[in-house]
Amino acid sequence: MISTGNDIVSLNAINITRTNDPKFYSKILSTPESKLYNKQVTATIPFENFVWLLWSIKESAYKYLQRLTPDLLFTPVKFEVIQFQTPNAYQPIGFDANQLTGVGFEGLSAFKAVITFGADTLYACSIIYNELICTIVHTNEDFSNTHWGIKFIEDEEYSNQSSAVREFLIENLQKISGFDKVAFSKDQHNIPVIITGNSKTFPVSLSHHEHFIAYSFQYSSI
Amino acid sequence: MTRHEILDELKKVIAPYTTNKEMLAGIDDQTDLIRDLKINSANLVDIIIDAEAKYDIEIDYDVADKMMIVGSCIDVISEKVNEK
């Protein structure tokens, strides 16, 4: 089944001074990618958010491709963002809701990107709030069956975040799919999957950082 | 520097990024920074930058992907320190 890769970055957890240091961001961005931070992007988001936006696109692409190549290692500069598009009339706003779920990105101020790794080309959609960056990567530009969710949680303990994001995913997957029995599991390569009542596996992508958790998956009832 | 000395120093580099102090105390060559020490992937670049400062070395992108397993981290640091 076609899958997605996702990532979430809590902007409260990043070190702004360090992110703006070339020694740091050169470990994430290639020289051509640094040039994508042009006048239009400069007017939209600060450089530190741009660096972490590209990080989240690369991490999401890595998580997607790791399903196909389980031994794949993550070296950010080897994943190259070749196209980057800011949304029209982007206005930074706060993540005021406790949680937010959606299907696709129609009507949302989404940043769009094309990313390559070797012979693979993937497409990314990202949304940015003052507190977070959330990205989903997919094999094509059609995100109309891409389900996603973002939630704020008080507990920032790693293992509790893992449990919380699984519960958040299962709750919303059941609402959408009508599957009455679903169980979270990981395959032999430690990649997350949902097992449905008829023992079929259903690929999902999960992410957490500081106080935020997020999921994504592809699902169509048709 | 011996591998043991590098490991002891590496624990100090990693410490700010993991809450699993018990696991950190017992890390070995096979320990995975993300899976075992529950370090968020967003902190991996921090660890590389801190290791560069600690050992006065430069870790370029070609080897950065090896910095996920403690044994590989020690290999990379040892090689770079010996190049100096």
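Given the structure is predicted, the values throughout are model-derived calculations rather than measurements.

We now examine the overall build of chain B. Scanning chain B from N- to C-terminus turns up five helices and zero strands. Beginning at the N terminus, the succession of helices and strands in chain B can be written as α-α-α-α-α. By the compact-globule yardstick of 12 Å for 84 residues, chain B fits well, its C-alpha radius of gyration being 12 Å. C-alpha atoms of chain B, sized along the principal axes, occupy 35 × 25 × 20 Å. Residue burial in chain B is summarised as follows: out of 84 residues, 31% are buried. At a minimum sequence separation of 6, the contacts of chain B that also span at least 24 residues come to 48%.

Residues and elements named next belong to chain B. Of all residues in chain B, 96% have pLDDT values of 70 or greater, and the mean over the chain is 90. Between the elements of chain B, mean pLDDT differs from a low of 69, seen in helix α4 (residues 61-64), to a high of 94, seen in helix α1 (residues 3-14). Of the two predicted TM-score estimates for the complex, the pTM is 0.93 and the ipTM is 0.86.

Residues and elements named next belong to chain A. Bridge count for strand β2 (residues 80-85) against strand β4 (residues 111-117) is five bridges, and the pairing is antiparallel. Across the sheet, residue Q83 finds its bridge partner in β4, namely V114. Sheet topology places β4 next to strand β5 (residues 120-129); seven bridges connect them, and they run antiparallel. Within the sheet, the bridge partner assigned to F117 lies in β5 and is D120. Hairpin remark: β4 followed by β5, antiparallel, with two residues in the connecting loop; positive phi at G118, about 60 degrees.

With that settled, the discussion passes to helix α3 (residues 44-55) of chain B. Turn by turn, an α-helix covers 3.6 residues, leaving residues three or four places apart pointing in a common direction. All names here are of chain B. With twelve residues, α3 extends 17 Å between its outermost C-alpha atoms, agreeing within 8% with the 16 Å of an ideal straight helix rising 1.5 Å per residue. Looking only at α3, the buried set comprises L44, V45, D46, I47, I48, A51 and Y55. Just beyond α3, the residue with positive phi is D56, at close to 55 degrees.

With 15 residues of chain A at the contact, the number on the chain B side is twelve residues. Among the secondary structure elements, those contributing two or more residues to the side of chain A that touches chain B are α2 (22-25) and α6 (158-177) of chain A. Residue composition of the side of chain A that touches chain B, by class: seven nonpolar, four polar and four charged.

Residues and elements named next belong to chain A. One open sheet holds the three strands; their spatial order is β8-β9-β10, and the pairing between them is antiparallel. What marks the edges here is a single partner per strand, and that holds for β8 (182-186) and β10 (201-203). Shown here is a sheet whose adjacent strand axes are inclined to one another by a mean of 35 degrees, direction ignored. Of the pairings in the sheet, the one linking β8 to strand β9 (residues 192-196) comprises five bridges and is antiparallel in character. Of the residues in β9, the one forming a bridge with K186 is P192. Docked against the sheet, α6 engages β8 and β9, running at close to 135 degrees with respect to β8.

The backbone of A:A89 sits at a positive phi, close to 50 degrees, despite the residue not being glycine. Within the secondary structure layout, A:A89 lies in the loop between β2 and β3 (99-103). You will see that B:K38, though not glycine, has its phi angle at about 55 degrees, which is positive. Within the fold, B:K38 resides in the loop between α2 (21-25) and α3.

So, how was this worked out
Residues numbered from 1 in each chain as written. Chains lettered and ligands numbered in written order. Predicted model: local features only at pLDDT ≥ 70, side-chain atom pairs only at ≥ 80, totals over all residues. Helix = DSSP H or I, 4+ residues; strand = E, 2+ residues; numbered from the N terminus. Rg over C-alpha atoms; globule rule 2.2 N^0.38 Å. Buried ≥ 20, exposed ≤ 12 C-beta atoms within 10 Å, placed from the backbone. Contact = placed C-beta atoms within 7 Å. pLDDT = per-residue confidence, 0-100. Pairing = 2+ DSSP bridges. Expected span 1.5 Å × (residues − 1). Nonpolar A, V, L, I, M, F, W, Y, C, P; charged D, E, K, R; others polar. Axes fitted to C-alpha atoms, helices over the stretch in contact; angles between N-to-C directions.

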